[in-house]
Amino acid sequence: MADDDFSKLLQQAEQLTTEIEGNEDLPRVERSLGQVLEASQELYSRVIQSGANDIQAHLLFGSKGIDLQQISQKLETLSSKRTFEPLQPIADSDIESFLRNEKENAILSLIDEVNKNSLQTTEDQKWEHMLSEWNREKIKLMNAMIGPSQNWLDLKRTPEPPSIMEAPKKFGHTMLDDIEAAYARQVHQYNKLVFQGSKSRTALHQKFAQVAEEFNDPKVKEMWEIIKVMANIPALVRDEDPLKARGNPTIQQCLVAQGKKYLEKRYKQYMSDVVRANPAAALRGGEPGTYPLVRGFVGLRLQGQNVQVLCDGVIDDRPLWPMVYYCLRSGDATAALHCLRKAGQDHSEFIAALEEYIRNPEKPLSDKLQTAINFQYRIQVRNSTDPYKRAVYCVIGCCDLSEDHGEVGRTADDYLWLKLSSIKSRTSNDSETFSYSDLQKMILEEYGETHFKAYEKPVVYFQVLALTGQFEPAIEFLSRIPRFQVHGVHMALALHDVYMLGTPRNVQAPLLSVDTDDPSPLRRLNLARLLFLYVRKFELTDPSDALHYYFFLRNLKDPSGKNLFMCCCTDLALESRDYELLFGRMDGLTGLRSPGLLDQFNNPHIESKVIALNVAEQLVTKGLFEDAITMYDIAGNMEKVLELFCVLLAQVVNSGGGADGLRQRLSQLAEHVSRRLRSSESLALPAALVEAYTKLCKLMTFFDQFHSENYEGALETLRECELVPLNASELDARVSGARSARGELLRSLPAVLRALCTILLAQRQRLRAAAQSQPLAAQNNKQVEWLREQAEVLNTFAGNIAYRMPGDTYSQLAQMQILMH
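These numbers come from a predicted model, not from an experiment. (Residues numbered from 1 in each chain as written. Predicted model: local features only at pLDDT ≥ 70, side-chain atom pairs only at ≥ 80, totals over all residues. Heavy atoms only, no water.)

Enquirer: In this structure, what is going on with the overall build of the chain? I would like to understand it.
Expert: Scanning the chain for helices and strands turns up 37 helices and four strands. By the burial criterion, 44% of the 821 residues in the chain qualify as buried. Summarising the internal contacts of the chain: among those between residues at least 6 apart in sequence, 63% fall at separations of at least 24. When the accessible surface of the chain is split by element, carbon and sulfur atoms take 51% of a total near 44500 Å². (Helix = DSSP H or I, 4+ residues; strand = E, 2+ residues; numbered from the N terminus. Buried < 20%, exposed > 50% of the residue type's maximum accessible area, 1.4 Å probe, protein only. Contact = heavy atoms within 4.5 Å. Areas by Shrake-Rupley, 256 points an atom, 1.4 Å probe, with all protein chains shown as cover.)

Structure representation (structure tokens):
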């Protein structure tokens, strides 16, 4: 029994051994228990060293028949070092190897050249971008630090580029306050008179001064009164530099006289106010004229003072020399002469000098009288205890130019009047002179803002600068005071209107600059920068006002020689992107343009179409082709419109697009452009360009039908487009047309061919489904033959045109031809 069991067990073991040996898929493995143990320990150590992830990776790739270890070895041996190494020399007789080397050399040289060009282009663009960024930062710093500069700075600055990549800013609620709006209305009215060519228009400073009276601000009114007085000089010509004209002796005499006139008029008003406030103490009486007014004022002024230091007696119970001084101070030299004559004959020489002064106050005394007055001053008057007598002698005879007369001139007005009175037109033989430039330098450089406590008393500092003909630093100072900034800007415009404002040669200069060719201490005010700083806060909300302010820059040029007003309009259009408001809108049917804001500024030197062309060029540079198409259309350049339209349309002609996508917008724009083409048939446009535009528009319809699976309509549209052959007879014509077509049209060919493959395959699938139900239909066989012919024609067409398409297009065409059989 046991033998039978062992025999049966042996038989089963032999049978199992036979089955194992007979299996070709699995090799026989013979291992002892020790070998199995050793292999398991080795496997365990490998898992510990490499981690379970490697084992899992081997298992994953091994299940797909991939030997990961073999691939790793191949990757280690793979190297790209020889890719760009020089080719090995070959024998001259080996033609095949020579041609192969030449081909590879051409490929390598082309790759190397493209690589170098790409690196150089990238480097150039990087530095151009960095320079542009630094220029913008530099401009911001210049605008922030608007204090006066001491040297001429030639900064290569371009107008600050607009942030057009942001969402367009819409014109909305005004940013002008009541004062700014009042000034802006006057600017509008004045410019309208300029548009009309009116020669009898009121000076701008008078209009602004009238506006200032409505503000109920006496300090502002006072500043405008100074501008009115100082601008009342002989008319200057536009072509002459205002600073050079200001150095003319005649103009300087007028400026000195106007400054004195204002100070004298103001002081006389001050004396009237003082006397009117104290009528009982003044004892003026009812007699009109300067003499009774001065008599009453002197009685009030000298109350409580030591009158014993005064000399030469009294007239009408008033000391003589205070009466003479205040008559002169109020601008009435005749009244001063009356006082001296009333005093007696002891002052005959001075009376003669005063009479000569009255006849010509701007010229020095005759040599005889000048010598006599100077002698009296040195011998008697200089050491006199009467400060008024010393002041009168210095005013009439210019005896002691270094004397400040602090006891008499207690205010800045008094000091300035005394100094202006000492300026006479002298000959070169005079040893001691005090010129207008000396006074200007003393006020601006020696004393300056600190001495006059400018920020505490801005009107006083403005007054001493403006009354000495230093309008540029005076206005620049006001621009730093928020309360007076708006007034300073319009004072600059008013002076610029009468050619009295000195502007720099370079519009990129700082707000206040020193030109090395100008005599010291003259400064130049950059009107363009001043207006930019003022207008920038409301140019997007009040574009009409901004344009009227920019119109004052029409006679200035930017560094490239372009009209600065047109440059400002270009920047405003780029910033706002509201082209319809600025330029109007083109009517596709009539070809006429509705007027925009810029049309009112058109003149022989300014044309809105030229501005539109500048804007379009800037937009192309920035890659905003859609906006550029609109601007080129306004500028009347239909060739550029079609070029840009083709460039954009070639990128999206085959896409489905969304409701608000680029393709949808281009589709709407295409209708307008097509109408414009029909309304401007007389324009000589390149035939290839018009053909490319027309065919791209048809391709848009083709792809719309293709995406909606209207295959029959799509084929019909493609047949009308005449871009690809739809039968063998059209092959040569279409190949010839493709060779002469524009690049934008050729770039759409791959998408057209792929779409056509899909259409033909869909039709073949439909015919196959129909053949299963009606296998003997002859019509189906004809259609199948047409499809096969069409597939062959398309492959031939793709291979013959001189345009290399993506590889998947060729493979899809070949696959379609195979599937047609």
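Enquirer: How should the packing of helix α10 (residues 249-277) against helix α18 (residues 412-421) be read in this particular structure?
Expert: In helix packing, the relevant descriptors are the interaxial angle and the interaxial distance, both defined with respect to the helix axes. One can describe the packing of α10 onto α18 by two numbers: an axis separation of 10 Å at closest approach and a directional angle of 140 degrees. Classified by chirality, the crossing of α18 by α10 is left-handed. Across from Val256, Gly259, Lys260, Leu263, Glu264, Arg266 and Tyr267 in α10, the residues of α18 making contact are Asp413, Asp414, Leu416, Trp417, Leu420 and Ser421. Residues that form the contact of α10 with α18 fall into these classes: six nonpolar, two polar and five charged. (Axes fitted to C-alpha atoms, helices over the stretch in contact; angles between N-to-C directions. Left-handed = near helix turned anticlockwise from the far one by under 90°. Nonpolar A, V, L, I, M, F, W, Y, C, P; charged D, E, K, R; others polar.)

Enquirer: Where do I start with the environment of Ile179 in this structure?
Expert: Here Ile179 is to be found in helix α6 (residues 178-196). Judged by relative accessible area, which is 30%, Ile179 ranks as partly exposed. On a C-alpha basis, the gap between Ile179 and Val211 in space is 8.7 Å, while along the polypeptide they are 32 residues apart. Setting aside residues up to four positions removed in sequence, Ile179 forms contacts with Phe215, Val486 and His487.

Enquirer: So what exactly am I meant to see when it comes to the nonpolar core here?
Expert: Across soluble globular proteins, nonpolar side chains show a tendency to be buried alongside one another. Counting 223 residues, the largest nonpolar core has Trp224, Ile396, Tyr549, Leu553, Phe583, Phe645 and Leu699 as its most contacted members. Apart from the residues lying within four places of it in its own chain, the contact partners of Tyr549 are Glu180, Tyr183, Ala184, Val187, His490, Leu493, Leu531, Tyr534, Val535 and Phe538. (Core = buried A, V, L, I, M, F, W, Y, C linked by side-chain atoms within 4.5 Å.)

Enquirer: Got a minute to help me understand the pattern of salt bridges in this structure?
Expert: It is possible for side chains of opposite charge to pair when their charged atoms get near one another. For the structure shown, the criterion picks out 31 salt bridges. Glu445 is the partner of Arg523 in a salt bridge, and the nearest nitrogen-oxygen pair spans 3.6 Å. Of this pair, Arg523 sits in the loop between β3 (512-513) and β4 (524-525) while Glu445 sits in helix α19 (residues 436-452), and the two are 78 residues apart along the sequence. Taking the relative accessible area as the measure of exposure, Arg523 reaches 7% and is therefore buried. Note on Glu445: relative accessible area 40%, which makes it partly exposed. A salt bridge links Glu626 to Arg665, with the nearest nitrogen and oxygen atoms 2.8 Å apart. In this pair, Glu626 is assigned in helix α28 (residues 625-635) and Arg665 in helix α30 (residues 662-679), connecting sequence segments 39 residues apart. Classification of Arg665 as partly exposed rests on a relative accessible area of 37%. (Salt bridge = Lys/Arg side-chain N within 4 Å of Asp/Glu carboxyl O.)

Enquirer: So what exactly am I meant to see when it comes to the state of the cysteines here?
Expert: Disulfides are covalent bonds that link the sulfur atoms of two cysteine residues. What the rule picks out here adds up to zero disulfides. No disulfide involves Cys721; its sulfur sits 9.9 Å from the nearest other cysteine sulfur, which is in Cys697. For Cys721, a relative accessible area of 2% puts it in the buried group. (Disulfide = S-S within 2.5 Å.)

Enquirer: Sorry, what's going on with helix α16 (residues 367-381) here?
Expert: Working note: α-helix, 3.6 residues per turn, so residues spaced by three or four point in the same direction. Regarding α16, the residues found buried are Leu369, Gln370, Ala372, Ile373, Asn374, Gln376, Tyr377 and Val381. Summarising the contacts, the buried residues of α16 are in contact with α15 (348-359) and α17 (387-397).

Enquirer: I would appreciate a short explanation of the confidence of the model for the chain in the present structure.
Expert: As a general rule, the predicted coordinates of low-pLDDT regions are not to be interpreted in detail. Here the chain shows a mean pLDDT of 81. Residues at 70 or above account for 82%. Segment residues 146-171: pLDDT under 50, and 69 contacts once partners within four positions in sequence are set aside and those in other chains are kept. Per-residue pLDDT stays below 50 along residues 427-431; that stretch engages in zero contacts with residues further than four places along the chain or on separate chains. (pLDDT = per-residue confidence, 0-100.)

Enquirer: Sorry if this is basic, but what is going on with unusual backbone geometry here?
Expert: Most peptide bonds take the trans form, and the phi angle of most residues other than glycine is negative. Omega for the peptide link from Ser520 to Pro521 comes to 5 degrees, which places this bond in the cis form. Mapped onto the fold, Pro521 is located in the loop between β3 and β4. Phi angles above zero are rare outside glycine, and Asp317 is one such case at about 65 degrees. Relative to the helices and strands, Asp317 resides in the loop between β1 (314-315) and β2 (318-319). Positive phi, normally seen in glycine, also occurs at Glu709, with a value near 60 degrees. Checked against the element boundaries, Glu709 lands in the loop between α31 (687-707) and α32 (711-721). Looking at Glu709, the relative accessible area reads 60%, which means it is exposed.

Enquirer: What's the story with α6 in this structure? I'm lost.
Expert: Given a rise of 1.5 Å per residue, 19 residues ought to cover 27 Å, and the 28 Å separating the end C-alpha atoms of α6 matches this to within 8%. Listing the buried residues of α6 in full gives Glu180, Ala182, Tyr183, Ala184, Gln186, Val187, His188, Tyr190, Asn191 and Val194. Along its buried surface, α6 packs onto α7 (204-212), α8 (218-230), α22 (485-497), α23 (527-535) and α24 (543-550). In this structure Asp177 caps α6, since a side-chain oxygen of it lies 3.2 Å from the backbone nitrogen of Ile179. Within two residues after α6, Gly197 carries a phi angle of roughly 75 degrees, on the positive side. (Expected span 1.5 Å × (residues − 1). Polar contact = N/O pair within 3.5 Å; in protein donor to acceptor, adjacent residues only side chain to side chain.)

Enquirer: Help me out: how do you make sense of a nonpolar patch on the surface in this one?
Expert: Taken together, Ile95, Phe98 and Leu99 make up a surface patch of nonpolar side chains, about 300 Å² in accessible area. Along the chain, Leu99 falls in helix α5 (residues 95-144). (Patch = residues over 30% accessible without salt bridge, like charges linked within 9 Å, V, L, I, M, F, W, Y side chains within 5 Å.)

Enquirer: Explanation requested: the side chain of Gln376 in the structure shown.
Expert: With respect to the element layout, Gln376 can be found in helix α16. In this view, Gln376 contacts Glu349, Val381 and Tyr393; residues no more than four positions away in its chain are not counted.

Enquirer: What am I meant to see in the packing of aromatic side chains here?
Expert: The relative placement of two aromatic rings is captured by the distance of their centres and the angle of their planes. Tallied over the entire structure, the rule returns 33 aromatic pairs. Ring geometry for Tyr455 and Phe477: centres 5.7 Å apart, planes at 65 degrees, overall edge-to-face. Here Tyr455, found in the loop between α19 and α20 (458-466), pairs with Phe477, found in helix α21 (residues 471-479); they are 22 residues apart in sequence, far enough to count as distant. Classification of Tyr455 by relative accessible area gives exposed; the value is 51%. Of the residues examined, Phe477 reaches a relative accessible area of 0% and is grouped as buried. Ring centres of Tyr534 and Tyr549 lie 5.5 Å apart, and the angle between their planes is 70 degrees; this geometry places the pair in the edge-to-face category. With Tyr534 in helix α23 and Tyr549 in helix α24, this residue pair connects regions lying 15 residues apart in the sequence. According to the relative accessible area criterion, Tyr534 is buried, its value standing at 3%. Pairwise contacts between aromatic rings join Tyr267, Tyr270, Phe297, Tyr325, Tyr326, Tyr388 and Trp417 into one cluster. (Phe/Tyr/Trp six-rings, centres within 6.5 Å; stacked < 30°, edge-to-face > 60°.)

Enquirer: Would you take a moment to explain the environment of Val673 for this structure?
Expert: Within the secondary structure, Val673 is located in helix α30. Note on Val673: relative accessible area 2%, which makes it buried. Measuring from C-alpha to C-alpha, the distance between Val673 and Val641 comes to 8.1 Å, with 32 residues separating the pair along the chain. For Val673, the residues in contact, after removing those within four places along its chain, are Met638, Val641, Leu642, Phe645 and Tyr693.

Enquirer: Got a minute to help me understand the packing of α21 against α22 in this structure?
Expert: Between α21 and α22, the shortest axis-to-axis distance is 7 Å and the interhelical angle comes to 155 degrees. Judged by the inter-axis angle, α21 sits roughly antiparallel to α22. As α21 runs across α22, the sense of the crossing is left-handed. Residues Phe471, Ile475, Leu478 and Ser479 of α21 touch α22, and the partners they reach there are Gln485, Gly488, Met491, Ala492 and Leu495. (Parallel < 35°, antiparallel > 145°, perpendicular 65-115°, else oblique.)

Enquirer: For this particular structure, what's the right way to read the environment of Lys265?
Expert: Looking at the secondary structure, you find Lys265 in helix α10. In this structure the C-alpha to C-alpha distance between Lys265 and Asp332, which are 67 residues apart in sequence, comes to 10.0 Å.

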